[in-house]
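A structural walkthrough
What follows is each chain in one-letter form.
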Amino acid sequence: MTIEQQLALLKRGTTEIISEADLKEKLESGRKLRVKLGVDPTARSVTLGWAVVLRKLRDFQRLGHTAVLIIGDFTSLIGDPSGKSKTRPQLTVEEVQANVDSVLTQIDTILDVSKTEIRFNREWLGKMSFEDVIRLTSRYTVARILERDDFTKRLREERPIAMHEILYPLCQGYDSVAVQADVELGGNDQKFNNLVGRNLMAQFGMEPQVVVLSPLLVGTDGKEKMSQSLGNYIGVKDEPNDMFGKAMSIPDEIMENYFELATDVPMDEVRTLIASDANPRDIKRRLAREIVALYHSQEAAQSADEYFLSTFSRREQPVDAEPADIPAELGDADINLASLIVGLELAKSNGDAKRLMQSGAVSLDGEKATDPSARFQRSDLVGKVLRIGKHHFRKLS
RNA sequence: GGGUAGAUGCCCGAGUGGCCAAUGGGAACAGACUGUAAAUCUGUCGGCGGGAGCCUACGUAGGUUCGAAUCCUACUCUACCCA
C-alpha cells in the first residue's frame, strides 16, 4: 500500500488530524509507530460509539503499527471531565477491575488483542510522588487548563469544578510521555486532552504525538452522543436481533454517518446508495446487516434481517420468541398478569406493568390484555406468546 | 476567616404551614399513524394494593405544630463577593 493509500484509509471517519503533514512524515519514516488509545474503564459495555476509535486503532494495527491500549485504571479514579457538566463519581479499585475485565473480552471482536500492547496507567501515575505531581503541574498554567470549554462552561454556570478534575488532562498527557506515543487517537471531545499530551511531550524533549480525532457517534436517538448512561447505545455484544433492531431505529439523517463510522462499506458506495431513490428503510436494513455481520456473522445478519421483516414489518408473531418460564411462586391459579410481567423483568414495578396493560401495550397471542384485575390459570398461559410493547416477546412455558 | 444566595422527583424548575406524590418543561415509556425513521395526536410517568387506602420522598439530623417541601436549630455541600 502506498503512503497515499494508507493516509486515505486512516483518514476515513476522522474530523481532524494534527497534523496531517506530521502523520505523513511518520508513515514515510517506515518505523513501526506506537499508536495510543486511552480508554476509561467506567463503562461495562463497549458501544459502537467507542468502537469508532477502536476500529481506527485496528486500522493502524493492520498497517503493521503497534496498538497501545491504555487502560485508565488510575485516571478513572478521577473521572474525565470531558463533556461533563458534573463531577463524575470516583470509582473504587474493585469497580475498575470489574469493568476492565468485561471490557477486554468485548474489544477482541475489534482488535487483535494478542498483538496489542495493553498498559494500565497506574503503572506510572500510581508511582508518582507528591513532588513529581507538583513538578508536572508546574508545567502547565491555570489559565490554559481553564481555557477548556467544559470548565469555562461550568464556571459560567456557577457549577463546581473539583481540583482533581483539572489534573485529568495532565494525567492523560503524561500517559503519552510514558508510552512514547507517536500517534494518539481520540474522539472529538478528547482534543483538549490530546493536545496537552503534545505539549507535555515537547516539554520532555520528545517529538510530539500526532493527534487523530474521530467524530462522536450519535446515539440511536439521533440527538445525544452515544453513551451507555444515556441508554441510546448499540453494544458490540448485543444479540443480533437486538443489534439489528436498534440500528433500524436510528433517524434517517444519521445513516450516512453510521455507515462511515461503524462499517467498512466504501464511502462511494454509501453515497450512491443514499442518493438513489431506494426506500430509506432498505438502505437502513443494509446498514443494520453490515453492523451485525461485523460483530457476529453474515448468517446472523441475514437471519436478523428476516426476523425483523416478519416480526415488525409484517407484524407477525415471531416464530421463535424467547422462551420464558412462568415463575413458580406465582402458583397455578389466579395468576396476576402484572406480577408475571414484573417477574419476567419486563416492567420495573407492578404499577408500571399495570399502566402498560391499561395503555394497550400488553397482549397474549395477539389479544390485548388491558384489565389489570383479570386472573389467569397457569394452563391457560402456557404456550402463549406474551408481548410487551413493540419489542418484547416471550413464549410462556 | 467574614458576607450573600442556594440544595425539590431521571434533568431543569415552580411551590414559603393544610387543597402536595408535589404546577410546568424536557427526557423516558406506551397507544394511534408509519418504514420499530421523523413529525403529529393521546395517555402514563415513586412503591404496595383489585379498590378504599397505606408507605416512602423535597441536602442531613433534630425541633416547633393537630399538621412541615414550606417555620426554628445545628450540620453537610455548592456558587458568588470581600480577605
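In this text, all values refer to a predicted model and were calculated from it rather than measured experimentally.

Reading the values: rules and limits
- Residues numbered from 1 in each chain as written.
- Chains lettered and ligands numbered in written order.
- Predicted model: local features only at pLDDT ≥ 70, side-chain atom pairs only at ≥ 80, totals over all residues.
- Heavy atoms only, no water.
- Buried < 20%, exposed > 50% of the residue type's maximum accessible area, 1.4 Å probe, protein only.
- Helix = DSSP H or I, 4+ residues; strand = E, 2+ residues; numbered from the N terminus.
- Pairing = 2+ DSSP bridges.
- Axes fitted to C-alpha atoms, helices over the stretch in contact; angles between N-to-C directions.
- Contact = heavy atoms within 4.5 Å.
- Polar contact = N/O pair within 3.5 Å; in protein donor to acceptor, adjacent residues only side chain to side chain.
- Salt bridge = Lys/Arg side-chain N within 4 Å of Asp/Glu carboxyl O.
- Phe/Tyr/Trp six-rings, centres within 6.5 Å; stacked < 30°, edge-to-face > 60°.
- Lys NZ or Arg CZ within 6 Å of the ring centre and 35° of its normal.
- Near = heavy atom within 4 Å.
- Domains from an automatic or database assignment.

Re the pairing of strand S5 (residues 183-187)
Most of S5 sits out of view: five of its five residues are buried. Across the two faces of S5 the burial is the same, with Val183, Leu185 and Gly187 and Glu184 and Gly186 all buried. Sheet analysis places strand S2 (residues 34-39) next to S5, joined by three bridges and oriented parallel. Bridge pairing in S5 links leucine 37 to leucine 185.

Digging into the sheet that holds strand S6 (residues 210-214)
Read across the open sheet, the six strands follow the order S1-S6-S5-S2-S3-S4; overall the sheet is mixed. In the strand order of this sheet, the two ends are held by strand S1 (16-18) and strand S4 (117-120), each with one partner. Direction aside, neighbouring strands of the sheet carry axes that sit 20 degrees apart on average. One ladder, built from four bridges, connects strand S3 (residues 66-71) with S4; its direction is parallel. Paired with isoleucine 71 across the bridge in S4 is phenylalanine 120. Where helix H3 (residues 48-62) meets the sheet, its contacts fall on S2, S3, S5 and S6, and the angle it forms with S5 comes to roughly 155 degrees.

Comments concerning the pairing of S2
Relative to S3, S2 runs parallel, the two sharing six bridges. Each bridged residue has a counterpart across the sheet, and for valine 39 the counterpart in S3 is isoleucine 71.

Points about the side chain of threonine 116
Following the sequence through the fold, threonine 116 ends up in the loop between helix H4 (93-107) and S4. On the basis of relative accessibility, which here comes to 10%, the residue threonine 116 falls in the buried class. Here aspartate 112 takes part through its backbone oxygen, which lies 2.7 Å from a polar atom of the side chain of threonine 116. For threonine 116, the residues in contact, after removing those within four places along its chain, are Gln61, Ala67, Leu69 and Leu111.

Brief notes about the pattern of salt bridges
Here the structure, examined in full by the defined rule, presents 31 salt bridges. With a closest N to O distance of 2.9 Å, arginine 285 and aspartate 305 form a salt bridge. Linking arginine 285 in helix H14 (residues 280-295) with aspartate 305 in helix H15 (residues 298-313), this pair joins segments that are 20 residues apart in sequence. As far as the burial class goes, arginine 285 and aspartate 305 line up, both buried. Note that arginine 378 and aspartate 332 form a salt bridge whose closest N and O atoms lie 2.8 Å from each other. Here aspartate 332 lies in the loop between strand S7 (322-324) and strand S8 (335-336) and arginine 378 lies in helix H18 (residues 378-381), a separation of 46 residues in the sequence. For arginine 378, a relative accessible area of 18% gives the class buried. One network of salt bridges, with partners in common, ties together Arg55, Lys56, Arg58, Asp59 and Asp264.

A short note on the packing of aromatic side chains
Inspection of the entire model under this criterion finds two aromatic pairs. Measuring from centroid to centroid gives 5.5 Å for phenylalanine 244 and phenylalanine 308, while their planes differ by 50 degrees, and the two rings are tilted. Taken as a pair, phenylalanine 244 in helix H11 (residues 240-248) and phenylalanine 308 in helix H15 lie far apart in primary sequence, 64 residues in all. We note arginine 139 situated over the ring of phenylalanine 204; from NZ or CZ to the ring centre the distance is 4.2 Å.

Here we look at the protein's contact with RNA strand B
Taken together, 29 residues lie around RNA strand B, and Asp252, Phe308, Asn350, Arg355 and His391 are the ones closest in. Here the atoms of RNA strand B within 4 Å of the protein split so that 71% fall in sugar or phosphate, with bases taking the remainder. Serine 359 is positioned with one of its side-chain polar atoms (N or O) 2.7 Å from a sugar or linking oxygen of RNA strand B. For the surface near RNA strand B, the elements supplying multiple residues, two or more each, are H14, H15 and helix H17 (350-358).

A closer look at the domain arrangement of chain A
One frequent convention defines the size of an interface as the accessible area lost when the parts assemble. Segmenting chain A into domains produces domain 1 (3-214), domain 2 (240-313) and domain 3 (322-396). For domain 1 and domain 3, the distance between their C-alpha centroids amounts to 47 Å.

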